[in-house]
Amino acid sequence: MRQPDDFPALYRDHLAHLTAGYAAALEATRWDAVVIHSGSPAKRSQFDDQYWPLHPVPHFQHWLPLAEPDCALVIVAGQRPVLHRVATTSFWEGPAPFDAPHVWSQFNVRVARQIADVRDALPKGRVAFIGEDRTRAAVWGLPESAINPPDLLLKLDALRVQKSPYETACLAEANRRAAPGHVALGHAFRNGDASELDLHLAYLRATSQDDPETPYKNIVALGAHAATLHHVTYGRTATGAGSLLVDAGATCFGYASDITRTWTRGAGDAADLFRQLVAGVESLQLQLCDTVRVGLPYEELHELAHVHVTQLLVDLGLLRCSVAEALAHKVSRSFLPHGLGHALGLQCHDVGCALVPPRAENPWLRNTSVIAAQQVFTIEPGIYFIAALLEPLRQGPRATLLDWSLVDALVPFGGVRIEDDLLVLDHGVRNLTRDVLTT
Ligand code: GLY
Ligand code: MN
């Protein structure tokens, strides 16, 4: 795949930043070195002999985008990082394609004949182990107490919250790779009648990705299926539905994009109302993007999203009360149950921005940080018609606040979500998604 020309230079600076960050983290937590295990492929079932493709440990990927099992990356403060690889003699599977040749010059690379051989090459002293496969720590002679020490993990995770220019270039490229998929599906939906499975496959084709390469399972939901927030069990038949919600991204060197668009088609009062709902969510999503600024707690933005959503529901007549009354009774929570967004990076739901729990009324909010420059997160408001949430409202004392004939008319459309990926700047934001996707 195409790559921006400046990746090698950005990557060198990124590693210099990581080297300094790791040195400080090791000193603060009193470790002499850390060994990061790339990972072991997970079995599809413990009764099976088939494996899922390897998704390397994010701490490993933070250093290099190599999806190879049983690598040991050794970091000692002040020294060049050492990458131990294990020679493979397997004739069942070949290595994953690797398109980042610029990484090699930044590491001392050693090739061991067997996994156990790495043990003798590890540094002496207090050596921590970061990884999912604890058996590897044992093989390399590291004690249980050295595995994923919480204070060290916290500091290493914190290094991923504010993105280096290399990381933002990867995230921007991941957005660029996803954009043709959204354009293709919008076009396919408006000009034909495909099944969810056909649309999912068309997205993979348009973005030149295989299913395991996507940062999360594509969410492709026609009509009422959009009320399932993570709808990934694709229908096999065309349904003629009036709505399509696509929540799908792409990756670049392990970094994810996470983009949602909702498309409409058809005629009639209900279709017109749903179109207005989608336009309204799009408009409030853009307002929320404009409100992002350094120093604002993300949870305040989430609360503001509920004010905007409530206003829209009042404007369209679904709520028959004032905005203030609806907010007082938290009615919008039944239409927008998820958080406004989450940090984004090597993980679709990146860690480090949810170190404190959200307030009780925001149980699914995954970003409770104070917004800071170089954070990357999503802004993804939505409005859904979810039976499990609406029925208690319909049966409860606040039922009269709603126009149920309008709500019921919109149930077949499932819901709407609009999601962009934002990079926070010292002043304002860069919208990584709308830079490359104008729909
Ligand atoms: N893209 C799915 C999610 O953010 O949960
Ligand atoms: Mn998301």
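See above for the structure.
Residues numbered from 1 in each chain as written. Chains lettered and ligands numbered in written order. Predicted model: local features only at pLDDT ≥ 70, side-chain atom pairs only at ≥ 80, totals over all residues. Heavy atoms only, no water.

## Things to note about the packing of aromatic side chains
Condition: The aromatic pairing rule takes the rings of Phe, Tyr and Trp, using the six-membered ring of Trp, and pairs them if the centres are within 6.5 Å, calling planes under 30 degrees apart stacked, those over 60 edge-to-face and the rest tilted. Only DSSP runs of H or I covering at least 4 residues are called helices, and only runs of E covering at least 2 are called strands; the numbering of each starts at the N terminus. Note on exposure labels: buried denotes an accessible area under 20% of the residue type's maximum, exposed denotes more than 50%, and partly exposed covers the range between, all computed with a 1.4 Å probe on protein chains only. Two conditions define a charge located above a ring, namely a distance within 6 Å from the ring centre to NZ of Lys or CZ of Arg, and an angle within 35 degrees of the ring normal.
Counted under the stated rule, the structure contains 11 aromatic pairs. Where Tyr166 meets Tyr255, the ring centres are 6.3 Å apart and the plane angle is 90°; that geometry is what we call edge-to-face. Of the two residues, Tyr166 is situated in helix α5 (residues 165-191) and Tyr255 in strand β9 (residues 255-256); the sequence distance between them amounts to 89 residues. A residue is classified by how much of its surface remains accessible, and Tyr255, at 1% relative accessible area, is buried. A ring pair is formed by Tyr298 and Phe377, whose centres lie 5.0 Å apart and whose planes are at 80°; its orientation type is edge-to-face. Separated by 79 residues along the polypeptide, Tyr298 in helix α8 (residues 298-315) and Phe377 in strand β11 (residues 376-379) bring together distant segments of the chain. Note on Phe377: relative accessible area 0%, which makes it buried. In textbook terms, an aromatic cluster arises when at least three aromatic residues are bridged by ring pairs, as seen for Phe7, Tyr11, Tyr166, Phe253 and Tyr255. Cation over ring: Arg44 sits above Trp52, and NZ or CZ is 4.2 Å from the ring centre.

## Comments concerning the coordination of the manganese ion (ligand 2)
We count it as follows: The rule for donors is simple: N, O or S, within 2.8 Å of the metal, or within 3.2 Å if the metal is Na, K or Ca. Water isn't counted, so a site may look like it is missing partners.
Coordination of the manganese ion (ligand 2) by the protein is provided by Asp258 (OD), His342 (NE2), Glu380 (OE) and Glu419 (OE), with metal-donor distances spanning 2.1 to 2.2 Å. Sequence spacing of the donor residues for the manganese ion (ligand 2), all on one chain, is D-x83-H-x37-E-x38-E. With Asp258 in the loop between β9 and β10 (259-264) and His342 in the loop between α9 (323-328) and β11, this residue pair connects regions lying 84 residues apart in the sequence. The class of Asp258 is buried, set by a relative accessible area of 2%.

## Observations concerning the site of ligand 1
Note the threshold: Proximity criterion: a residue is near a molecule or strand once any of its heavy atoms comes within 4 Å of it. Residues adjacent in sequence count toward polar contacts only when both atoms are side-chain atoms; beyond that, a polar contact is any pair of N or O atoms within 3.5 Å, and within protein one must be able to donate a hydrogen and the other to accept it. Only the protein chains shown count as cover for residues, and the accessible areas themselves come from Shrake-Rupley with a 1.4 Å probe. Residue classes follow a fixed rule: Ala, Val, Leu, Ile, Met, Phe, Trp, Tyr, Cys and Pro count as nonpolar, while Asp, Glu, Lys and Arg count as charged, and any other residue, Gly among them, counts as polar.
Around ligand 1 sit Tyr216, His230, Asp247, Asp258, His342, His349 and Glu380, and that is every residue in its neighbourhood. His342 places a polar side-chain atom, nitrogen or oxygen, 3.0 Å from an oxygen atom of ligand 1. In the complex, the protein chains occlude 93% of the 200 Å² of accessible area that ligand 1 would expose alone. Residues that form the shell around ligand 1 fall into these classes: 1 nonpolar, 3 polar and 3 charged.

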